[in-house]
Amino acid sequence: MTEEIMKVIDSEVFGVWFLIGAALVFWMQAGFAMVESGFARAKNAGNILMKNLMDFCIGTCVFVLLGFGLLYGEDALGGFIGIPSLQIFSGYAEFDWSAFVFNLVFCATTATIVSGAMAERTRFLSYCVYSAVISALIYPIEAHWIWGGGWLAQMGFHDYAGSTAIHMVGGIAALVGAAMVGPRIGKFSKDKDGKVTKVNAFPGHNIPIGALGVFILWFGWYGFNGAAATNVSELASIFLTTTVAPAVATVVCMIFTWVRYGKPDVSMCLNASLAGLVAITAPCDVTDVFGASIIGAVSGVLVVFGVWLLDYKLHIDDPVGAVAVHCLNGIWGTIAVGLFATDTAPAFVTAGIKNGLFYGGGFDQLGIQLLGFASVAAWAAIGMLIVFTIIKAIFGLRVTEEEEITGLDATEHGLPSAYSGFSIMDISNTMTMDVNENTDLGTDAYEEASQFQKDAAVKVSAPVPVTTGIYKVVIIAKLSRYEKVKKAMNDLGVTGMTVTQVMGCGIQKGAGEKYRGVEMDATLLPKVKLEIVVSKIPVDKVIETAKKALYTGHIGDGKIFVYGVEKVVKIRTGEEDVEALQDVE
(Lines give C-alpha, C1' and ligand atoms only; values in the text may rest on other atoms or scores of the structure.)
Protein backbone atom coordinates (compact mmCIF):
# COMPACT_ATOMS: atom_id res chain seq x y z
CA MET A 1 0.00 0.00 0.00
CA THR A 2 2.78 2.41 0.97
CA GLU A 3 4.66 1.61 -2.24
CA GLU A 4 1.57 2.37 -4.32
CA ILE A 5 1.07 5.68 -2.50
CA MET A 6 4.70 6.65 -3.16
CA LYS A 7 4.27 5.83 -6.85
CA VAL A 8 1.23 8.10 -7.01
CA ILE A 9 3.12 10.87 -5.20
CA ASP A 10 6.11 10.47 -7.53
CA SER A 11 3.81 10.61 -10.52
CA GLU A 12 2.18 13.81 -9.30
CA VAL A 13 5.48 15.43 -8.28
CA PHE A 14 7.16 14.72 -11.60
CA GLY A 15 4.03 15.73 -13.46
CA VAL A 16 4.31 19.13 -11.82
CA TRP A 17 8.07 19.19 -12.53
CA PHE A 18 7.28 18.44 -16.18
CA LEU A 19 5.25 21.65 -16.40
CA ILE A 20 7.85 23.64 -14.44
CA GLY A 21 10.41 22.41 -16.94
CA ALA A 22 8.19 23.66 -19.77
CA ALA A 23 8.04 27.07 -18.08
CA LEU A 24 11.86 27.11 -17.85
CA VAL A 25 12.08 26.35 -21.57
CA PHE A 26 9.68 29.20 -22.28
CA TRP A 27 11.94 31.48 -20.20
CA MET A 28 14.75 30.56 -22.58
CA GLN A 29 13.04 32.77 -25.18
CA ALA A 30 14.20 35.71 -23.07
CA GLY A 31 17.71 34.29 -23.15
CA PHE A 32 17.70 33.99 -26.93
CA ALA A 33 16.38 37.54 -27.23
CA MET A 34 19.17 38.88 -25.00
CA VAL A 35 21.95 36.95 -26.74
CA GLU A 36 20.82 37.88 -30.24
CA SER A 37 20.16 41.56 -29.52
CA GLY A 38 23.37 41.94 -27.51
CA PHE A 39 25.50 40.40 -30.26
CA ALA A 40 23.90 42.60 -32.95
CA ARG A 41 24.02 46.37 -33.44
CA ALA A 42 21.89 48.77 -31.41
CA LYS A 43 19.92 50.00 -34.42
CA ASN A 44 18.40 46.52 -34.85
CA ALA A 45 17.77 45.55 -31.21
CA GLY A 46 14.03 46.20 -31.28
CA ASN A 47 13.63 44.20 -34.49
CA ILE A 48 15.37 41.20 -32.92
CA LEU A 49 13.23 41.38 -29.80
CA MET A 50 10.10 41.54 -31.95
CA LYS A 51 11.16 38.47 -33.94
CA ASN A 52 11.79 36.47 -30.77
CA LEU A 53 8.40 37.49 -29.41
CA MET A 54 6.62 36.54 -32.64
CA ASP A 55 8.44 33.20 -32.88
CA PHE A 56 6.55 32.07 -29.81
CA CYS A 57 3.26 33.79 -30.52
CA ILE A 58 2.99 32.80 -34.20
CA GLY A 59 4.33 29.35 -33.32
CA THR A 60 1.57 28.89 -30.74
CA CYS A 61 -1.15 29.72 -33.27
CA VAL A 62 0.02 27.29 -35.94
CA PHE A 63 0.97 24.58 -33.41
CA VAL A 64 -2.60 24.60 -32.11
CA LEU A 65 -4.05 24.27 -35.59
CA LEU A 66 -1.61 21.88 -37.24
CA GLY A 67 1.81 21.34 -35.67
CA PHE A 68 0.84 19.32 -32.59
CA GLY A 69 -1.28 16.95 -34.65
CA LEU A 70 1.58 16.27 -37.08
CA LEU A 71 3.89 15.60 -34.14
CA TYR A 72 1.73 13.47 -31.84
CA GLY A 73 -1.07 12.32 -34.12
CA GLU A 74 -1.65 8.70 -35.06
CA ASP A 75 1.12 7.26 -37.23
CA ALA A 76 0.70 7.41 -40.99
CA LEU A 77 2.89 6.59 -43.98
CA GLY A 78 5.05 4.12 -42.04
CA GLY A 79 5.90 6.47 -39.18
CA PHE A 80 6.68 9.42 -41.44
CA ILE A 81 3.94 11.71 -40.20
CA GLY A 82 1.26 12.04 -37.55
CA ILE A 83 -2.36 12.50 -38.62
CA PRO A 84 -3.49 16.03 -37.73
CA SER A 85 -6.58 16.43 -35.61
CA LEU A 86 -8.41 19.20 -33.79
CA GLN A 87 -8.87 17.23 -30.56
CA ILE A 88 -7.72 20.29 -28.63
CA PHE A 89 -11.07 21.83 -29.66
CA SER A 90 -13.32 18.78 -30.00
CA GLY A 91 -12.15 16.72 -27.03
CA TYR A 92 -10.62 19.20 -24.64
CA ALA A 93 -11.57 17.25 -21.50
CA GLU A 94 -9.49 14.25 -22.61
CA PHE A 95 -6.71 16.28 -24.24
CA ASP A 96 -3.11 15.90 -23.01
CA TRP A 97 -2.57 19.53 -21.98
CA SER A 98 0.89 18.93 -20.47
CA ALA A 99 2.27 17.29 -23.61
CA PHE A 100 0.96 20.14 -25.74
CA VAL A 101 2.56 22.90 -23.62
CA PHE A 102 5.85 21.05 -23.34
CA ASN A 103 6.16 20.41 -27.06
CA LEU A 104 5.03 23.94 -27.90
CA VAL A 105 7.92 25.58 -26.05
CA PHE A 106 10.37 23.23 -27.75
CA CYS A 107 8.88 24.11 -31.13
CA ALA A 108 9.34 27.84 -30.42
CA THR A 109 12.98 27.22 -29.54
CA THR A 110 13.61 25.64 -32.93
CA ALA A 111 12.13 28.62 -34.74
CA THR A 112 14.00 31.30 -32.81
CA ILE A 113 17.47 29.89 -33.57
CA VAL A 114 17.23 31.33 -37.08
CA SER A 115 16.56 34.87 -35.89
CA GLY A 116 20.17 35.59 -34.92
CA ALA A 117 21.75 34.15 -38.06
CA MET A 118 19.54 36.27 -40.35
CA ALA A 119 19.62 39.35 -38.12
CA GLU A 120 20.02 42.94 -39.31
CA ARG A 121 19.00 42.53 -42.96
CA THR A 122 15.88 40.32 -43.17
CA ARG A 123 12.38 41.63 -43.88
CA PHE A 124 10.15 41.25 -40.85
CA LEU A 125 7.16 40.00 -42.87
CA SER A 126 9.28 37.34 -44.53
CA TYR A 127 10.62 36.23 -41.16
CA CYS A 128 7.10 35.89 -39.76
CA VAL A 129 6.11 33.66 -42.68
CA TYR A 130 9.21 31.50 -42.12
CA SER A 131 8.42 31.23 -38.42
CA ALA A 132 4.92 29.99 -39.15
CA VAL A 133 6.09 27.37 -41.64
CA ILE A 134 8.83 25.85 -39.49
CA SER A 135 6.47 25.63 -36.50
CA ALA A 136 3.59 24.19 -38.51
CA LEU A 137 5.40 21.75 -40.80
CA ILE A 138 9.19 21.38 -40.73
CA TYR A 139 9.70 20.82 -37.00
CA PRO A 140 6.57 18.76 -36.19
CA ILE A 141 7.19 16.20 -38.94
CA GLU A 142 10.80 15.42 -38.05
CA ALA A 143 9.99 15.57 -34.31
CA HIS A 144 7.33 12.92 -34.95
CA TRP A 145 10.05 10.65 -36.33
CA ILE A 146 11.99 10.97 -33.09
CA TRP A 147 9.50 11.59 -30.27
CA GLY A 148 6.07 10.85 -31.74
CA GLY A 149 6.62 7.13 -32.26
CA GLY A 150 7.83 7.58 -35.83
CA TRP A 151 10.27 5.47 -37.83
CA LEU A 152 13.46 6.71 -36.16
CA ALA A 153 12.06 6.06 -32.70
CA GLN A 154 11.14 2.55 -33.78
CA MET A 155 14.74 1.96 -34.89
CA GLY A 156 16.18 2.99 -31.50
CA PHE A 157 17.41 6.46 -32.44
CA HIS A 158 18.06 8.48 -29.28
CA ASP A 159 17.75 12.25 -28.93
CA TYR A 160 16.62 12.80 -25.37
CA ALA A 161 15.99 16.55 -25.43
CA GLY A 162 16.66 17.74 -28.96
CA SER A 163 20.25 18.02 -30.20
CA THR A 164 18.87 16.78 -33.52
CA ALA A 165 15.17 17.59 -33.47
CA ILE A 166 15.59 21.16 -32.25
CA HIS A 167 19.14 22.47 -32.44
CA MET A 168 20.44 20.82 -35.58
CA VAL A 169 17.21 21.55 -37.45
CA GLY A 170 17.21 25.18 -36.26
CA GLY A 171 20.90 25.45 -37.12
CA ILE A 172 20.40 24.09 -40.64
CA ALA A 173 17.50 26.47 -41.17
CA ALA A 174 19.78 29.28 -39.97
CA LEU A 175 22.52 28.20 -42.39
CA VAL A 176 20.15 28.09 -45.37
CA GLY A 177 18.50 31.38 -44.43
CA ALA A 178 21.76 33.25 -43.81
CA ALA A 179 23.20 32.00 -47.10
CA MET A 180 20.12 33.00 -49.09
CA VAL A 181 19.64 36.44 -47.54
CA GLY A 182 23.32 37.29 -48.03
CA PRO A 183 25.83 39.03 -45.74
CA ARG A 184 25.34 42.40 -44.07
CA ILE A 185 26.72 45.40 -45.92
CA GLY A 186 30.44 45.68 -45.21
CA LYS A 187 30.88 42.24 -43.65
CA PHE A 188 33.12 41.01 -46.49
CA SER A 189 35.46 43.26 -48.47
CA LYS A 190 35.77 42.19 -52.11
CA ASP A 191 38.09 43.02 -54.99
CA LYS A 192 36.93 44.12 -58.43
CA ASP A 193 36.41 40.47 -59.43
CA GLY A 194 34.09 39.85 -56.50
CA LYS A 195 36.57 37.73 -54.55
CA VAL A 196 36.48 38.15 -50.78
CA THR A 197 39.71 39.78 -49.62
CA LYS A 198 38.89 40.53 -46.01
CA VAL A 199 36.43 39.61 -43.27
CA ASN A 200 35.30 42.55 -41.14
CA ALA A 201 34.23 42.31 -37.51
CA PHE A 202 30.87 43.74 -36.43
CA PRO A 203 31.13 43.79 -32.62
CA GLY A 204 27.93 43.24 -30.66
CA HIS A 205 26.63 46.46 -29.14
CA ASN A 206 25.88 45.06 -25.68
CA ILE A 207 27.97 42.12 -24.50
CA PRO A 208 26.61 42.37 -20.90
CA ILE A 209 23.08 41.76 -22.25
CA GLY A 210 24.47 38.88 -24.33
CA ALA A 211 26.07 37.39 -21.22
CA LEU A 212 22.82 37.74 -19.28
CA GLY A 213 21.10 35.87 -22.10
CA VAL A 214 23.61 33.03 -21.86
CA PHE A 215 23.05 32.67 -18.11
CA ILE A 216 19.27 32.68 -18.65
CA LEU A 217 19.63 29.99 -21.31
CA TRP A 218 21.90 27.87 -19.10
CA PHE A 219 19.39 28.13 -16.26
CA GLY A 220 16.51 27.24 -18.58
CA TRP A 221 18.46 24.29 -19.95
CA TYR A 222 17.97 22.41 -16.68
CA GLY A 223 14.29 22.32 -17.63
CA PHE A 224 15.09 21.76 -21.29
CA ASN A 225 17.08 18.60 -20.53
CA GLY A 226 15.59 17.56 -17.22
CA ALA A 227 11.84 18.07 -17.56
CA ALA A 228 11.17 14.57 -18.91
CA ALA A 229 12.97 12.81 -16.03
CA THR A 230 10.71 10.46 -14.09
CA ASN A 231 12.71 9.93 -10.89
CA VAL A 232 15.24 11.75 -8.74
CA SER A 233 18.29 9.74 -9.80
CA GLU A 234 17.60 10.41 -13.50
CA LEU A 235 17.04 14.09 -12.84
CA ALA A 236 20.20 14.45 -10.75
CA SER A 237 22.35 12.70 -13.37
CA ILE A 238 20.89 14.89 -16.12
CA PHE A 239 21.58 18.02 -14.06
CA LEU A 240 25.17 16.86 -13.58
CA THR A 241 25.92 16.22 -17.25
CA THR A 242 24.08 19.42 -18.22
CA THR A 243 26.42 21.34 -15.91
CA VAL A 244 29.73 19.67 -16.74
CA ALA A 245 29.57 19.76 -20.54
CA PRO A 246 29.08 23.54 -20.97
CA ALA A 247 31.56 24.32 -18.21
CA VAL A 248 34.28 22.24 -19.86
CA ALA A 249 33.39 23.67 -23.27
CA THR A 250 33.80 27.21 -22.00
CA VAL A 251 37.16 26.55 -20.35
CA VAL A 252 38.49 24.80 -23.46
CA CYS A 253 37.26 27.66 -25.67
CA MET A 254 38.90 30.21 -23.38
CA ILE A 255 42.25 28.43 -23.60
CA PHE A 256 41.95 27.84 -27.33
CA THR A 257 41.09 31.46 -28.21
CA TRP A 258 43.78 32.69 -25.81
CA VAL A 259 46.39 30.64 -27.65
CA ARG A 260 45.05 31.26 -31.15
CA TYR A 261 44.12 34.95 -30.95
CA GLY A 262 46.34 36.18 -28.12
CA LYS A 263 43.44 37.04 -25.79
CA PRO A 264 40.51 35.01 -24.42
CA ASP A 265 37.50 35.95 -26.57
CA VAL A 266 34.48 36.97 -24.48
CA SER A 267 31.71 36.45 -27.02
CA MET A 268 33.21 33.21 -28.27
CA CYS A 269 33.33 31.82 -24.72
CA LEU A 270 29.68 32.78 -24.26
CA ASN A 271 28.90 30.86 -27.44
CA ALA A 272 30.96 27.93 -26.14
CA SER A 273 28.75 27.65 -23.07
CA LEU A 274 25.75 27.31 -25.36
CA ALA A 275 27.62 24.90 -27.64
CA GLY A 276 28.32 22.59 -24.71
CA LEU A 277 24.66 22.73 -23.71
CA VAL A 278 23.52 21.94 -27.25
CA ALA A 279 25.86 18.97 -27.57
CA ILE A 280 24.90 17.40 -24.23
CA THR A 281 21.17 17.73 -24.97
CA ALA A 282 20.84 14.41 -26.83
CA PRO A 283 23.01 12.19 -24.56
CA CYS A 284 22.37 13.97 -21.23
CA ASP A 285 20.39 11.04 -19.78
CA VAL A 286 22.61 8.18 -20.99
CA THR A 287 26.17 9.40 -20.49
CA ASP A 288 28.37 9.83 -17.43
CA VAL A 289 30.59 12.68 -16.27
CA PHE A 290 33.57 11.46 -18.33
CA GLY A 291 31.48 11.38 -21.48
CA ALA A 292 30.01 14.80 -20.67
CA SER A 293 33.52 16.20 -20.23
CA ILE A 294 34.73 14.93 -23.60
CA ILE A 295 31.55 16.10 -25.30
CA GLY A 296 32.03 19.55 -23.79
CA ALA A 297 35.73 19.73 -24.70
CA VAL A 298 35.01 18.99 -28.36
CA SER A 299 32.21 21.57 -28.35
CA GLY A 300 34.58 24.26 -27.06
CA VAL A 301 36.79 23.86 -30.12
CA LEU A 302 34.00 23.06 -32.58
CA VAL A 303 32.22 26.37 -31.98
CA VAL A 304 35.40 28.33 -32.81
CA PHE A 305 35.92 26.21 -35.92
CA GLY A 306 32.31 26.80 -36.98
CA VAL A 307 32.59 30.59 -36.75
CA TRP A 308 35.88 30.49 -38.70
CA LEU A 309 34.39 28.17 -41.33
CA LEU A 310 31.44 30.45 -42.04
CA ASP A 311 33.53 33.64 -42.05
CA TYR A 312 36.63 32.59 -43.96
CA LYS A 313 35.60 29.64 -46.12
CA LEU A 314 31.87 29.74 -46.79
CA HIS A 315 31.59 33.54 -46.50
CA ILE A 316 28.20 33.27 -44.82
CA ASP A 317 27.38 36.05 -42.38
CA ASP A 318 26.03 34.73 -39.06
CA PRO A 319 26.00 37.66 -36.59
CA VAL A 320 25.51 35.57 -33.44
CA GLY A 321 27.18 32.26 -34.33
CA ALA A 322 23.90 30.32 -34.44
CA VAL A 323 25.15 27.83 -37.04
CA ALA A 324 28.35 27.07 -35.12
CA VAL A 325 26.49 26.68 -31.84
CA HIS A 326 23.33 24.86 -32.89
CA CYS A 327 23.99 23.11 -36.21
CA LEU A 328 27.51 21.79 -35.71
CA ASN A 329 27.09 20.99 -32.04
CA GLY A 330 23.65 19.55 -32.59
CA ILE A 331 25.26 17.11 -35.02
CA TRP A 332 28.08 16.41 -32.58
CA GLY A 333 25.66 15.77 -29.71
CA THR A 334 23.64 13.36 -31.85
CA ILE A 335 26.75 11.36 -32.79
CA ALA A 336 28.01 11.49 -29.19
CA VAL A 337 25.13 9.24 -28.09
CA GLY A 338 26.63 6.46 -30.21
CA LEU A 339 30.04 7.06 -28.62
CA PHE A 340 29.40 7.75 -24.94
CA ALA A 341 26.11 6.06 -23.99
CA THR A 342 26.73 3.91 -20.90
CA ASP A 343 24.62 1.48 -18.91
CA THR A 344 25.85 3.12 -15.69
CA ALA A 345 23.59 6.12 -16.35
CA PRO A 346 20.31 5.89 -14.40
CA ALA A 347 18.09 6.39 -17.44
CA PHE A 348 19.94 3.97 -19.72
CA VAL A 349 17.51 1.06 -19.25
CA THR A 350 14.40 3.11 -19.97
CA ALA A 351 16.10 4.69 -22.99
CA GLY A 352 16.11 1.30 -24.71
CA ILE A 353 19.41 1.80 -26.55
CA LYS A 354 22.83 0.12 -26.67
CA ASN A 355 26.15 1.15 -25.14
CA GLY A 356 28.20 3.60 -27.14
CA LEU A 357 31.35 2.70 -29.06
CA PHE A 358 33.70 3.83 -26.28
CA TYR A 359 31.76 1.83 -23.68
CA GLY A 360 31.90 -1.53 -25.39
CA GLY A 361 28.75 -1.31 -27.48
CA GLY A 362 30.34 -1.46 -30.89
CA PHE A 363 29.02 0.49 -33.86
CA ASP A 364 25.33 -0.45 -33.59
CA GLN A 365 24.04 2.63 -31.79
CA LEU A 366 26.50 4.88 -33.62
CA GLY A 367 25.15 3.66 -36.95
CA ILE A 368 21.57 4.40 -35.90
CA GLN A 369 22.59 7.89 -34.73
CA LEU A 370 24.36 8.63 -38.01
CA LEU A 371 21.33 7.50 -40.00
CA GLY A 372 19.03 9.65 -37.89
CA PHE A 373 21.26 12.70 -38.20
CA ALA A 374 21.56 12.34 -41.99
CA SER A 375 17.82 11.81 -42.49
CA VAL A 376 16.71 14.74 -40.36
CA ALA A 377 19.44 16.98 -41.81
CA ALA A 378 18.30 16.20 -45.35
CA TRP A 379 14.67 16.89 -44.44
CA ALA A 380 15.55 20.22 -42.81
CA ALA A 381 17.93 21.38 -45.55
CA ILE A 382 15.63 20.54 -48.46
CA GLY A 383 12.53 21.75 -46.67
CA MET A 384 14.03 25.09 -45.65
CA LEU A 385 15.57 25.64 -49.08
CA ILE A 386 12.11 25.29 -50.60
CA VAL A 387 10.52 27.49 -47.93
CA PHE A 388 13.02 30.34 -48.25
CA THR A 389 12.94 30.15 -52.06
CA ILE A 390 9.16 30.57 -52.06
CA ILE A 391 9.29 33.38 -49.49
CA LYS A 392 12.01 35.15 -51.48
CA ALA A 393 9.98 34.91 -54.68
CA ILE A 394 6.73 36.17 -53.11
CA PHE A 395 7.79 38.65 -50.42
CA GLY A 396 11.54 39.11 -50.82
CA LEU A 397 13.94 38.14 -48.05
CA ARG A 398 16.10 41.23 -47.69
CA VAL A 399 15.43 44.85 -46.82
CA THR A 400 16.80 47.61 -49.05
CA GLU A 401 20.34 48.92 -48.65
CA GLU A 402 19.03 52.20 -47.24
CA GLU A 403 16.84 50.37 -44.71
CA GLU A 404 19.73 48.18 -43.60
CA ILE A 405 22.06 51.14 -43.09
CA THR A 406 19.40 53.13 -41.24
CA GLY A 407 18.52 50.16 -39.05
CA LEU A 408 15.51 47.86 -38.92
CA ASP A 409 14.15 49.35 -35.71
CA ALA A 410 13.32 52.57 -37.53
CA THR A 411 12.48 51.23 -40.99
CA GLU A 412 10.54 48.07 -40.08
CA HIS A 413 8.89 49.13 -36.81
CA GLY A 414 8.94 52.93 -36.68
CA LEU A 415 11.06 52.73 -33.53
CA PRO A 416 13.67 55.53 -33.56
CA SER A 417 15.79 53.64 -31.05
CA ALA A 418 15.48 50.76 -28.62
CA TYR A 419 17.61 52.88 -26.27
CA SER A 420 15.70 56.14 -26.08
CA GLY A 421 17.62 58.51 -23.81
CA PHE A 422 20.98 56.85 -24.42
CA SER A 423 23.65 57.85 -26.90
CA ILE A 424 24.60 54.78 -28.92
CA MET A 425 27.53 54.86 -31.36
CA ASP A 426 27.98 52.22 -34.06
CA ILE A 427 31.62 51.05 -34.09
CA SER A 428 31.27 48.36 -36.73
CA ASN A 429 33.37 48.45 -39.90
CA THR A 430 30.99 50.57 -41.94
CA MET A 431 33.10 53.73 -41.81
CA THR A 432 36.53 52.38 -42.69
CA MET A 433 38.91 54.76 -44.48
CA ASP A 434 41.72 53.28 -46.52
CA VAL A 435 45.45 53.98 -46.57
CA ASN A 436 46.55 55.88 -49.70
CA GLU A 437 49.73 57.26 -51.24
CA ASN A 438 49.67 60.21 -48.84
CA THR A 439 49.75 58.02 -45.74
CA ASP A 440 52.96 57.97 -43.67
CA LEU A 441 52.90 55.44 -40.84
CA GLY A 442 55.87 57.05 -39.06
CA THR A 443 58.16 55.55 -36.43
CA ASP A 444 58.04 55.02 -32.69
CA ALA A 445 58.31 57.56 -29.84
CA TYR A 446 59.58 61.13 -30.40
CA GLU A 447 62.82 60.50 -28.52
CA GLU A 448 63.66 57.59 -30.85
CA ALA A 449 62.92 59.45 -34.09
CA SER A 450 65.67 60.65 -36.41
CA GLN A 451 66.63 64.30 -36.42
CA PHE A 452 64.93 64.67 -39.78
CA GLN A 453 61.71 63.21 -38.36
CA LYS A 454 61.95 65.44 -35.29
CA ASP A 455 62.41 68.50 -37.44
CA ALA A 456 59.46 67.48 -39.60
CA ALA A 457 57.36 66.73 -36.56
CA VAL A 458 57.81 70.01 -34.69
CA LYS A 459 58.73 72.56 -37.34
CA VAL A 460 55.95 75.14 -37.39
CA SER A 461 55.30 77.57 -40.19
CA ALA A 462 54.13 81.02 -39.24
CA PRO A 463 50.35 81.31 -38.86
CA VAL A 464 48.37 83.59 -41.10
CA PRO A 465 48.13 86.91 -39.22
CA VAL A 466 44.75 88.13 -38.04
CA THR A 467 43.83 91.69 -37.12
CA THR A 468 43.04 90.87 -33.50
CA GLY A 469 46.20 88.83 -32.89
CA ILE A 470 44.03 86.14 -31.28
CA TYR A 471 44.12 82.51 -32.34
CA LYS A 472 42.05 79.47 -31.48
CA VAL A 473 44.03 76.21 -31.44
CA VAL A 474 42.01 72.99 -31.62
CA ILE A 475 43.89 69.79 -30.79
CA ILE A 476 42.40 66.32 -31.39
CA ALA A 477 44.57 63.56 -29.94
CA LYS A 478 44.60 60.19 -28.23
CA LEU A 479 42.67 60.15 -24.99
CA SER A 480 45.63 58.52 -23.27
CA ARG A 481 47.82 61.58 -23.99
CA TYR A 482 45.52 64.10 -22.35
CA GLU A 483 47.37 64.45 -19.05
CA LYS A 484 50.69 64.88 -20.82
CA VAL A 485 49.50 67.59 -23.18
CA LYS A 486 47.60 69.36 -20.40
CA LYS A 487 50.75 69.57 -18.27
CA ALA A 488 52.77 70.78 -21.25
CA MET A 489 50.25 73.56 -21.90
CA ASN A 490 50.23 74.57 -18.24
CA ASP A 491 54.04 74.74 -18.26
CA LEU A 492 53.83 76.95 -21.35
CA GLY A 493 51.53 79.36 -19.53
CA VAL A 494 48.15 78.27 -20.85
CA THR A 495 45.77 78.30 -17.90
CA GLY A 496 42.42 77.77 -19.58
CA MET A 497 41.14 75.31 -22.14
CA THR A 498 37.92 73.58 -23.19
CA VAL A 499 38.13 69.79 -23.16
CA THR A 500 35.68 67.41 -24.85
CA GLN A 501 35.84 63.62 -25.21
CA VAL A 502 35.00 62.69 -28.80
CA MET A 503 35.21 59.74 -31.17
CA GLY A 504 37.56 59.83 -34.14
CA CYS A 505 37.15 58.09 -37.49
CA GLY A 506 40.11 57.40 -39.79
CA ILE A 507 42.51 54.75 -41.04
CA GLN A 508 43.85 53.96 -37.58
CA LYS A 509 43.27 50.23 -37.01
CA GLY A 510 43.55 50.02 -33.25
CA ALA A 511 45.77 47.33 -31.79
CA GLY A 512 44.86 44.43 -34.08
CA GLU A 513 42.44 42.93 -31.54
CA LYS A 514 40.11 40.15 -32.63
CA TYR A 515 36.37 39.76 -32.17
CA ARG A 516 35.19 36.17 -32.67
CA GLY A 517 38.44 35.43 -34.52
CA VAL A 518 38.14 38.37 -36.93
CA GLU A 519 40.57 41.29 -36.68
CA MET A 520 38.66 44.30 -35.52
CA ASP A 521 39.24 47.67 -37.19
CA ALA A 522 38.25 50.18 -34.54
CA THR A 523 37.25 52.87 -37.01
CA LEU A 524 35.73 55.04 -34.28
CA LEU A 525 38.24 55.49 -31.48
CA PRO A 526 38.06 57.56 -28.28
CA LYS A 527 39.80 60.92 -28.67
CA VAL A 528 40.19 64.09 -26.66
CA LYS A 529 39.50 67.51 -28.15
CA LEU A 530 41.22 70.54 -26.59
CA GLU A 531 40.30 74.09 -27.57
CA ILE A 532 42.73 76.84 -26.57
CA VAL A 533 42.48 80.56 -27.35
CA VAL A 534 45.72 82.56 -27.08
CA SER A 535 46.91 86.09 -27.72
CA LYS A 536 50.03 86.85 -25.67
CA ILE A 537 51.44 83.32 -25.93
CA PRO A 538 52.79 82.81 -29.47
CA VAL A 539 50.59 80.40 -31.34
CA ASP A 540 53.60 78.63 -32.87
CA LYS A 541 54.82 77.83 -29.35
CA VAL A 542 51.46 76.29 -28.52
CA ILE A 543 51.62 74.15 -31.64
CA GLU A 544 55.22 73.10 -31.08
CA THR A 545 54.53 72.19 -27.44
CA ALA A 546 51.46 70.16 -28.39
CA LYS A 547 53.30 68.26 -31.10
CA LYS A 548 56.17 67.31 -28.80
CA ALA A 549 53.74 66.15 -26.11
CA LEU A 550 51.60 64.12 -28.49
CA TYR A 551 54.15 62.70 -30.93
CA THR A 552 54.63 58.91 -31.16
CA GLY A 553 55.07 58.61 -34.90
CA HIS A 554 52.05 56.31 -35.26
CA ILE A 555 48.77 56.88 -37.01
CA GLY A 556 46.39 58.35 -34.48
CA ASP A 557 48.71 60.94 -32.91
CA GLY A 558 46.11 63.50 -33.83
CA LYS A 559 45.65 66.81 -35.59
CA ILE A 560 46.06 70.50 -34.72
CA PHE A 561 43.82 73.14 -36.27
CA VAL A 562 44.50 76.87 -36.02
CA TYR A 563 41.82 79.50 -36.57
CA GLY A 564 41.92 83.26 -36.49
CA VAL A 565 39.55 84.74 -33.92
CA GLU A 566 37.82 87.94 -35.01
CA LYS A 567 36.07 88.80 -31.76
CA VAL A 568 36.14 87.73 -28.09
CA VAL A 569 33.66 89.07 -25.51
CA LYS A 570 33.86 88.36 -21.79
CA ILE A 571 30.28 88.10 -20.57
CA ARG A 572 30.97 89.10 -16.95
CA THR A 573 32.74 92.40 -17.66
CA GLY A 574 31.99 93.14 -21.27
CA GLU A 575 35.69 93.34 -22.12
CA GLU A 576 36.56 92.48 -25.67
CA ASP A 577 39.37 90.89 -27.67
CA VAL A 578 42.81 90.76 -25.96
CA GLU A 579 41.51 92.33 -22.72
CA ALA A 580 38.89 89.59 -22.46
CA LEU A 581 41.67 86.97 -22.29
CA GLN A 582 43.87 88.59 -19.64
CA ASP A 583 42.86 86.53 -16.61
CA VAL A 584 42.67 83.20 -18.43
CA GLU A 585 44.62 82.22 -21.51
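Thresholds applied
- Residues numbered from 1 in each chain as written.
- Predicted model: local features only at pLDDT ≥ 70, side-chain atom pairs only at ≥ 80, totals over all residues.
- Heavy atoms only, no water.
- Patch = residues over 30% accessible without salt bridge, like charges linked within 9 Å, V, L, I, M, F, W, Y side chains within 5 Å.
- Areas by Shrake-Rupley, 256 points an atom, 1.4 Å probe, with all protein chains shown as cover.
- Salt bridge = Lys/Arg side-chain N within 4 Å of Asp/Glu carboxyl O.
- Helix = DSSP H or I, 4+ residues; strand = E, 2+ residues; numbered from the N terminus.
- Buried < 20%, exposed > 50% of the residue type's maximum accessible area, 1.4 Å probe, protein only.
- Polar contact = N/O pair within 3.5 Å; in protein donor to acceptor, adjacent residues only side chain to side chain.
- Contact = heavy atoms within 4.5 Å.
- Phe/Tyr/Trp six-rings, centres within 6.5 Å; stacked < 30°, edge-to-face > 60°.
- Lys NZ or Arg CZ within 6 Å of the ring centre and 35° of its normal.

A. Region of interest: a nonpolar patch on the surface. A grouping of Leu125, Ile382, Ile386, Ile390, Ile394 and Phe395 is seen on the molecular surface, where their side chains present a nonpolar patch of about 560 Å² in accessible area. Residue contributions to the nonpolar patch peak at 4 residues, all from helix H14 (residues 364-394). Mapped onto the elements of the fold, Ile382 is located in helix H14.

B. Seen up close, the pattern of salt bridges. Within this structure, the stated rule accounts for 14 salt bridges. For Glu404, the salt bridge is made with Arg398, and the minimal N-O distance between the two is 2.8 Å. A salt bridge links Lys487 to Asp491, with the shortest nitrogen-to-oxygen separation between them at 3.1 Å. Here Lys487 pairs with Asp491, and both are found in helix H18 (residues 482-492), just 4 residues apart, close to one helical turn. Like Lys487, the residue Asp491 is exposed in the burial classification. Within the structure, one salt-bridge network assembled from shared partners comprises Arg41, Glu120, Arg184 and Asp317.

C. Inspection of the side chain of His167 at higher detail. Looking at the secondary structure, you find His167 in helix H7 (residues 163-181). Looking at His167, the relative accessible area reads 0%, which means it is buried. For His167, the side chain forms a polar contact with the side chain of His326, separated by 3.0 Å. When residues no more than four places from it in sequence are discounted, the contact partners of His167 are Ile113, Gly162, Trp221, Phe224, Val278, Thr281, His326 and Cys327.

D. Spotlight on the packing of aromatic side chains. With the rule as written, the count across this model stands at 24 aromatic pairs. Relative to Trp97, the ring of Tyr92 lies with its centre 5.9 Å away and its plane at 45°, an arrangement referred to as tilted. Residue class for Trp97 comes out partly exposed when judged on its relative accessible area of 43%. Their ring planes at 85° and their centres at 6.1 Å tell us that Phe106 and Trp147 sit as a pair that is edge-to-face. Here the residue Phe106 occupies a position in helix H4 (residues 97-117), and Trp147 occupies one in helix H5 (residues 124-147), the gap between them amounting to 41 residues. Cluster of aromatic residues (ring-pair linked, three or more members): Phe18, Phe102, Phe106, Trp147, Trp221 and Phe224. Sitting over the ring of Tyr127, Lys51 keeps its end group 4.9 Å from the ring centre.

Geometric descriptors of this kind do not, in isolation, establish any biological role.
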